[in-house]
Amino acid sequence: MIGANKNIAVINLTRMGDLLMTGPLIDRLRQIYPGRSIHLYAVTGYMPIAEGMDVDRIVPVDFNMLATLSIRATTGNFNHSLLEFFQEFRKTLQPLFEYEYEAIFNVSFTDISSLLSFMLRGPVKSGLHLDFEGYRLVAGTWARFFFAGNLNRELNPFHLVDVLVGASGELSSRTGLSRMKYAVPESVRLAIREKETEFGLRRGNGPRIVIQCGASTEDKRWEAEYFGQTGRLLAEQLNANILLVGTEKEKHLAETAAKIIGANATVLAGKTNLPQLSGWLETADLLITNDTGTMHLAQSVGTPCLVITLGTALSDETGPYGENNLVIEPDINCFPCNFRVKCPHFNCHKQITPEAVSSFAKDMLEGKVQEGYTPSINTSGMTVWRTQFDRDGWWRKLPVSPVPADKHRITREVFRELCKTTFEPDLRPNGALAEHVAEMLLRMHGSPPADILDRILEQDLPAALELARLAVTGKELSSTLGNLSGDINGNIEQIKTLGRKLAELDDTIDSLAIVQELWRPVMMMFQFGRSNFPSEGLNLQAKAAFENYTNLEQWTRGAVELITDSIRLWKKLAQQPNQHAESISQYNKVKTPMLDNQNSTEQKAFSSIIRPRMKTEKLGIIILESGYFIQREISDAFKRLGHSVIELQFEDNPQFITQLLEASMRSDFLLTINHLGFDQHGELSSLLAKINLPHVSWFVDRPGFILLDYEAAPNEMSFIYSWERSTIGEIRSYGFERVDFLPLATDPTRFTPGPDRGIGDVRLIANSMLRASAEWRDKAGLNGTRDTLFERAVALQRSGRIEAKAAVETSAVAEGLDISSWSPRHLLNYASAVALTATRELRHDLVTECNKFDLHLYGDDEWLRAAPGVAFHGYVEYPDGLPDVYRGGIHLNATSFQMPTAVNQRVFDIPACGGILVTDDQEDLHDLFDVESECILYQEAEEAAMQIETVLRHRTLAEKIVVQAAKRIQKQHTYNHRAIQIIKALREEFGKVMVQAEGGLR
């Protein structure tokens, strides 16, 4: 085998235009597979095109011969057995199997290409292929989508090039990707210069325009007489030189047009091969054409195109893939034609006039066709589109004047955004953006019809909700089937019953696909997913079914949410178009000290971005980000639950207010850790109240310092959580009404069992607190001198784990000291110094008592000074480095005395990783765990040493405790659970969700 795993295969057994549209995919594959050799399998007749593409090896395939062989075999006209037919078929293809491939991309959609992709050596990453029983499979999400789009052409929102590029995978943005290109041979350029002299064609006398009169079918072919009249107008007005191209069979069309044009016409039809055609197109200033392969060749050599799209042609799929081309379509109800219906009249051809086409051509030649282009001619009877690339780098067309809105056009825009979100998650990490859809609807259609949302809601959304309900039923049935698959013989009757129910359910969904055209693409994706189930293994099939139903539910509900949000936002934008166009720059000028309820202009600006909150299943959540502990964990948890998260950088971000207001238009609440972002004067809180955005603050550090100078009363949309119960009263004293307890948890994706890469059997991973204790003693004014109040408070806190401020106040009474004149800040500084010193002493005592078990320390380098005789392994990075150390071993845990009742995250992380935890007996442990069967506790350092000795003697029992603790954690104490608790509280306050949420916690 030659070049094993160093080659990439691209199969394209289609016509010239489709072959050229593969170019951007090939460029993308070169980025993904650097240094690999790319092989292109192409039809023999289009070798000249393949030779101009950026590939390393071209493999010619005699498609006509293979098709003839297949037809003879399937129609009984083959004089041998089926086995002999297959052997002859394989023999014919044998020269193609010389190489082995790292990846195969089949961008053809024929039975022959599927057989070829199956027979080549290597995995099929995208496109048609076969399983080993001969059943047809479609690999890759984009390829499946293309199949669904072909069956629902009026709803397909993507150009074929973008679909093909999507097949490459690993793509978050298409901005800056290459466009279609074809390398014209230099020998062809030299030959064309000679032909120019022979034909008497001079450069500089007038523009050179190429006209292609032909098309693959009559319905797509504008009349040659119309092309002739267009060319004559351009010759008379611009002295244009008109070159008429085409095949030998189209020569009569070119000659008809040339007679009308007159002396400025040159007929090249039937006189050029494909490379020569590319050369003539390269010299042209403009191509006027039907939807043809010539159009794609012109785009590949950089020539602008004016395209007349008729009949069954659909420019959304195969229009000119470049910027500032024009596409003219008839404005007639029956356009585009149905593939299965033969048109008896071609009335659409008459909608487009030569006068209009020549006017558009002049505008293009004069450089007028760009953003903001307005035609100088009446476009009645036509729809004129300008091609461009959207902000994500995907091709699209926009009307040069607004077109009527209908539910198909609206839904196509929604599916475009939904597909981007679903198929390219890196492009939309925070979910679909309704404002992108609304902005495009405004540009395409102007103001929305007054009742458009009501009509869709009444006519089509109920069917979507029914579809979502059916999908949930399918998830339940397939999940049960998977659970029973472990004992097929013992559960055979139940399995049969479930199979019948699933078949009936699928029939119901399929019947909906017939009558509910608006949701047909979603249901077709479901059907293609079903056809790609694994061929064997009931458990695998059940899992595939569950995933397929889940996708159906998510797609349907996502479409419903996006349609409603987009149309509502569209209405707002239409009401205030000028304001919205400058909204971001206006918001950027807003400074928080200016936020005044009396400012009506500002209020009006804010009212334009207010939206209902907490009314949908899938929520949008803003998380203020500073790189602090658990911001990433809670953000990931919301994402795992299917919600969209916008992580907004707070620190050193001068655009914070601008970005916050923009994000609020697609969000349901804001969450911050330790009140990050909230100022002393309440200006951010006031802003959030104005835009009706609830906010959650989760304290995981002492709130006293954060709220100490907090002046303004909190608004009614504030939700406060604390990881420490003893702080709840303190937080309420600042005016917050909704304050609740929310303990820490574990990240179920990071802290998991695995190989033990830690050192030492008995381990302590902790901060020594030497530096922190000294810093806070300085802040408290202790300055290294002996302070009996301080010493008593430390001893008191260690003896009873009471709150640090209470320990200071109680000790002051015992010492006969009056501290009522202390400022709140001084008392907090003093209490913090007490708590951190008590923590330092506890951890030092633990190290002293437990070093006899060959203790190994991980943490800050102050341990080298605090415990010089103990094995020290340095700092472990959170969170990525910790699981390796937590997996295995016996772990001491000493909770900071800043947490009199709460537990730290090690209580959850260590058992989740499989480590044996010996921890101090915190009050919250008794509520969070069954301490008798799930915890190993100690009160003082001496008892910790006794517990370690017991664990070493009875390790099996300790490991059982770890297993029980891990089960409890996965069931109740992951950040998924904390995220659910937050959302539940917000939902109860702001109303019920539109559709009941589903899904697991892991």
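Residues numbered from 1 in each chain as written. Predicted model: local features only at pLDDT ≥ 70, side-chain atom pairs only at ≥ 80, totals over all residues. Heavy atoms only, no water.

A. Main features of the overall build of the protein chain. Looking only at helices and strands, one finds 43 helices and 26 strands in the protein chain. Within the protein chain, buried positions represent 56% of all 1002 residues. Restricting to contacts in the protein chain with at least 6 residues of sequence separation, those with at least 24 account for 69%. On the protein chain, roughly 42,400 Å² of surface is accessible, and the fraction owed to carbon and sulfur atoms is 49%. (Helix = DSSP H or I, 4+ residues; strand = E, 2+ residues; numbered from the N terminus. Buried < 20%, exposed > 50% of the residue type's maximum accessible area, 1.4 Å probe, protein only. Contact = heavy atoms within 4.5 Å. Areas by Shrake-Rupley, 256 points an atom, 1.4 Å probe, with all protein chains shown as cover.)

B. Examining the packing of helix α28 (residues 656-664) against helix α29 (residues 683-690) more closely. Two elements in contact, α28 and α29, have axes separated by 11 Å at closest approach and are oriented at 25°. Taken together, α28 and α29 sit at an angle that is classed as roughly parallel. By crossing handedness, the relation of α28 to α29 is classed as right-handed. When α28 is examined against α29, the residues Phe-656, Ile-657, Leu-660 and Leu-661 are found in contact with a partner set consisting of Leu-684, Leu-687 and Leu-688. (Axes fitted to C-alpha atoms, helices over the stretch in contact; angles between N-to-C directions. Parallel < 35°, antiparallel > 145°, perpendicular 65-115°, else oblique. Left-handed = near helix turned anticlockwise from the far one by under 90°.)

C. Inspection of the packing of aromatic side chains at higher detail. Tallied over the full model, the rule gives 21 aromatic pairs. Consider the rings of Trp-822 and Tyr-830, whose centres lie 5.0 Å apart with planes at 50°: the pair is tilted. According to the relative accessible area criterion, Tyr-830 is buried, its value standing at 2%. Clustering of aromatic rings is evident, with ring pairs tying together Trp-142, Phe-158, Trp-394, Phe-423 and Trp-555. (Phe/Tyr/Trp six-rings, centres within 6.5 Å; stacked < 30°, edge-to-face > 60°.)

D. Examining the pairing of strand β10 (residues 286-290) more closely. Counting buried positions along β10 yields five of five residues, so the element is predominantly enclosed. By the alternation rule, side chains of β10 split into Leu-286, Ile-288 and Asn-290 and Leu-287 and Thr-289, which are all buried. Relative to strand β11 (residues 305-308), β10 is paired through four bridges, and the arrangement is parallel. The partner of Leu-287 across the bridge, within β11, is Cys-305. (Pairing = 2+ DSSP bridges.)

E. The confidence of the model for the protein chain, seen in detail. Per-chain confidence: the protein chain averages 84 in pLDDT, with 86% of residues scoring 70 or above. Low pLDDT, under 50, characterises residues 577-605; the stretch is placed with 35 contacts to residues that sit more than four places away or in other chains. Segment residues 992-1002 is flagged for pLDDT under 50; beyond a separation of four residues in sequence, or across chains, it makes 29 contacts in the model. (pLDDT = per-residue confidence, 0-100.)

F. Up close: the sheet that holds strand β25 (residues 916-920). Read from one edge of the open sheet, six strands run β23-β22-β21-β24-β25-β26, paired in parallel fashion. The sheet terminates laterally at β23 (871-872) and β26 (937-938), the two strands that pair on one side only. Both strand β21 (residues 762-765) and strand β24 (residues 890-893) contribute to a ladder of three bridges, which runs parallel. Residue pairing across strands places Val-762 opposite Ile-890, the latter belonging to β24. Helix α38 (residues 906-913) rests against β21, β24 and β25 of the sheet, and its axis sits at about 165° to β25.

G. Examining the nonpolar core more closely. Counting residues in each nonpolar core, the largest one holds 107 residues, and the members touching the most others are Leu-29, Leu-40, Ile-49, Leu-281, Leu-297, Ile-509 and Trp-519. Contacts of Leu-40, omitting those with residues within four sequence positions, involve Val-10, Asn-12, Leu-19, Ala-50, Met-53, Val-55, Arg-57, Ile-58 and Val-59. Leu-770, Tyr-830, Phe-897 and Ala-944 belong to the second-largest nonpolar core, a separate cluster that totals 51 residues. (Core = buried A, V, L, I, M, F, W, Y, C linked by side-chain atoms within 4.5 Å.)

H. Spatial organisation of the packing of helix α10 (residues 224-238) against helix α11 (residues 251-261). Running from N to C, α10 and α11 point in directions that differ by 35°, and their axes come no closer than 7 Å. Relative to α11, α10 is oriented so that their crossing is right-handed. Two secondary-structure elements touch here, α10 through Ala-224, Glu-225, Phe-227, Gly-228, Gln-229, Gly-231 and Arg-232 and α11 through Leu-253, Thr-256, Ala-257, Ile-260 and Ile-261.

I. Inspection of the environment of Asn-976 at higher detail. The residue Asn-976 is located in helix α43 (residues 975-990) in this model. Separated by 229 residues in the primary sequence, Asn-976 and Asp-747 have C-alpha atoms spaced 8.0 Å apart. Of note is the side chain of Asn-976, whose polar atom sits 2.9 Å from the side chain of Arg-640. (Polar contact = N/O pair within 3.5 Å; in protein donor to acceptor, adjacent residues only side chain to side chain.)

J. Geometry of the side chain of Glu-730. With respect to the helices, strands and loops of the structure, Glu-730 is situated in helix α31 (residues 728-732). It is Arg-702 that comes nearest to the buried, bridge-free Glu-730 among opposite-charge side chains, at 4.3 Å. Every residue in contact with Glu-730, bar those within four places of it in the chain, is listed here: Arg-702, Pro-703 and Gly-704. (Lys, Arg positive; Asp, Glu negative; His and termini not counted. Salt bridge = Lys/Arg side-chain N within 4 Å of Asp/Glu carboxyl O.)

K. Structural view of the pattern of salt bridges. One pass over the structure, following the stated rule, counts 53 salt bridges. For Arg-428, the salt bridge is made with Glu-417, and the minimal N-O distance between the two is 2.6 Å. Of this pair, Arg-428 sits in the loop between α17 (407-423) and α18 (434-445) while Glu-417 sits in helix α17; the two residues are 11 residues apart in sequence, bridging distant segments of the chain. A salt bridge links Glu-647 to Arg-632, with the shortest nitrogen-to-oxygen separation between them at 2.8 Å. Linking Glu-647 in strand β16 (residues 644-649) with Arg-632 in helix α27 (residues 631-640), this pair joins segments that are 15 residues apart in sequence. Of the residues examined, Glu-647 reaches a relative accessible area of 29% and is grouped as partly exposed. A relative accessible area of 33% means that Arg-632 is categorised as partly exposed. In this structure, a network of salt bridges that share partners links the residues Arg-632, Asp-636, Lys-639, Arg-640, Glu-647, Asp-747 and Arg-750.

L. Examining the sheet that holds strand β12 (residues 326-330) more closely. Read across the open sheet, the eight strands follow the order β9-β8-β7-β10-β11-β12-β13-β14; overall the sheet is mixed. Across the chains shown, the open sheet's two edge strands, defined by having one partner strand only, are β9 (265-267) and β14 (395-399). Each strand of the sheet is rotated relative to its neighbour by a mean of 20°, with strand direction disregarded. Pairing geometry for β11 and β12, over three bridges, is parallel. Across the sheet, the residue bridging to Leu-306 is Leu-326, located in β12.

M. α11, seen in detail. For α11, the set of buried residues is Leu-253, Ala-254, Ala-257, Ala-258 and Ile-261. Each buried residue of α11 sits inside an arc of 135° when the element is viewed along its axis, so together they form one side. Along its buried surface, α11 packs onto α10, β8 (241-245) and β9. Gly-262 occupies a position one or two residues after α11 and carries a positive phi of about 100°. (Arc of directions from axis to C-beta.)

N. Spatial organisation of the pairing of β11. Side-chain alternation along β11 places Cys-305 and Val-307 on one buried face and Leu-306 and Ile-308 on a second face that is also buried. A crossover links β10 with its parallel partner β11, the connecting element being helix α13 (residues 293-300), and its sense is right-handed. (Right-handed = clockwise from strand over helix to strand, strands pointing away.)

O. Quick look at unusual backbone geometry. Non-glycine residue Asn-239 carries a positive phi angle of around 55°. By secondary structure assignment, the location of Asn-239 is in the loop between α10 and β8. Residue class for Asn-239 comes out partly exposed when judged on its relative accessible area of 39%. One non-glycine residue with positive phi stands out, namely Met-769, at about 70°. As for its position among the elements, Met-769 is in the loop between β21 and α32 (770-779).

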